[in-house]
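# Fold and geometry: a report
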Amino acid sequence: MSYFAVAVGREGDQWDATEVDLDDVADIEDAAEVMREAYPDADLTLLFVDADDEYLTVMRLDNGDDLRTFGSDAEYASQSRLGEALLGDLEPENTDEIDTEDEESISARPTELDAEPVGEADLMGDLGVGGATLLALCAKEGMMPSDVVSEVAEVIGFADTLESASGA
């Protein structure tokens, strides 16, 4: 299974993004170490992994600690070694606990998911991308993981940086 991974780091109000290699990642702590190495001085680092244009993993590391992870579909853990490393220990997301009343747009509400999201969908809530929004983007017909990442980047404010890192 092929993948594209990009780490995005924020120091103060400046964002930077770089493509990262996860071939040697054996577990979630190895992935966190890749994030720390990419941005050792960042107050916030995000890692986006797009696997085969089908599965999305988002990891968040605050000040080099407090690692949180979201996966668009638990199936990714059974489909690849990297998927197992990133999502293997995560529990299914309880979408009933996500507050959709605070979302600004009715279109941001989750629709029927044909996947089983895992981890913490609200890991970017304080950045403007609430759990309901992330789930809705992942469930939206025709949305590929790269499209979801682009939408998230636009909302959070690192779209230009991401575009430069991904070579688009």
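Here the residue index of a chain counts from 1 through its sequence in written order. In view of the model being predicted, local features appear only for residues whose pLDDT reaches at least 70, and side-chain atom pairs are presented and counted only at 80 or more, with totals across whole chains, interfaces and linings using the full set of residues. Just so you know, side-chain values use all the structure's heavy atoms and leave hydrogens and water out.

Moving on, we get to the packing of helix H4 (residues 131-139) against helix H5 (residues 145-156). All axes here are fitted lines through C-alpha atoms, helices being fitted over the stretch that makes contact, and every angle between N-to-C directions spans 0 to 180 degrees. The numbering of helices and of strands both runs from the N terminus, where a helix is a DSSP run of H or I of at least 4 residues and a strand a run of E of at least 2. Two elements in contact, H4 and H5, have axes whose closest approach is 9 Å; the angle formed by their N-to-C orientations is 150 degrees. Where H4 crosses over H5, the two elements pack in a sense that is right-handed. Contacts between H4 and H5 involve Leu134, Leu137 and Cys138 from the first element and Val148, Glu151 and Val152 from the second. Each residue is assigned to one class: nonpolar for Ala, Val, Leu, Ile, Met, Phe, Trp, Tyr, Cys and Pro, charged for Asp, Glu, Lys and Arg, and polar for all the others, Gly among them. Tallied by class, the residues present in the contact of H4 with H5 amount to 5 nonpolar, no polar and 1 charged. By convention, the crossing between two helices is left-handed when the near helix turns anticlockwise from the far helix through less than a right angle, and right-handed when the turn is clockwise. Throughout, a residue-residue contact means that at least one pair of heavy atoms, one from each residue, lies within 4.5 Å.

We now examine the environment of leucine 44. Positionally, leucine 44 belongs in strand E3 (residues 44-51). Taking the C-alpha atoms as reference, leucine 44 lies 5.8 Å from asparagine 63; in sequence the two are 19 residues apart. Other than its neighbours up to four places away in sequence, leucine 44 contacts Val8, Gly9, Arg10, Trp15, Arg60, Leu61, Asp62, Asn63 and Leu127.

Attention shifts here to the packing of aromatic side chains. Stacked, edge-to-face and tilted labels apply to pairs of Phe, Tyr and Trp rings (six-membered ring for Trp) whose centres lie within 6.5 Å, assigned for plane angles under 30 degrees, over 60, and everything in between, in that order. With the rule as written, the count across this model stands at 3 aromatic pairs. Between tryptophan 15 and phenylalanine 158, the ring centres sit 5.0 Å apart and the planes meet at 45 degrees, which makes this aromatic pair tilted. Highlighted residues: tryptophan 15 in strand E2 (residues 14-19) and phenylalanine 158 in the loop between H5 and helix H6 (159-166), separated in sequence by 143 residues. You'll find tryptophan 15 and phenylalanine 158 in the same group, each marked buried. Arranged with centres 6.0 Å apart and planes meeting at 40 degrees, the rings of phenylalanine 48 and phenylalanine 158 form a pair that is tilted. Here phenylalanine 48, found in strand E3, pairs with phenylalanine 158, found in the loop between H5 and H6; they are 110 residues apart in sequence, far enough to count as distant. Residue class for phenylalanine 48 comes out buried when judged on its relative accessible area of 2%. Using a 1.4 Å probe on the protein chains alone, a residue whose accessible area is under 20% of its type maximum counts as buried, one over 50% counts as exposed, and one in between counts as partly exposed. With a relative accessible area of 1%, phenylalanine 158 lands in the buried category. Taken together through their ring pairs, the aromatic side chains of Trp15, Phe48 and Phe158 make up a single cluster.

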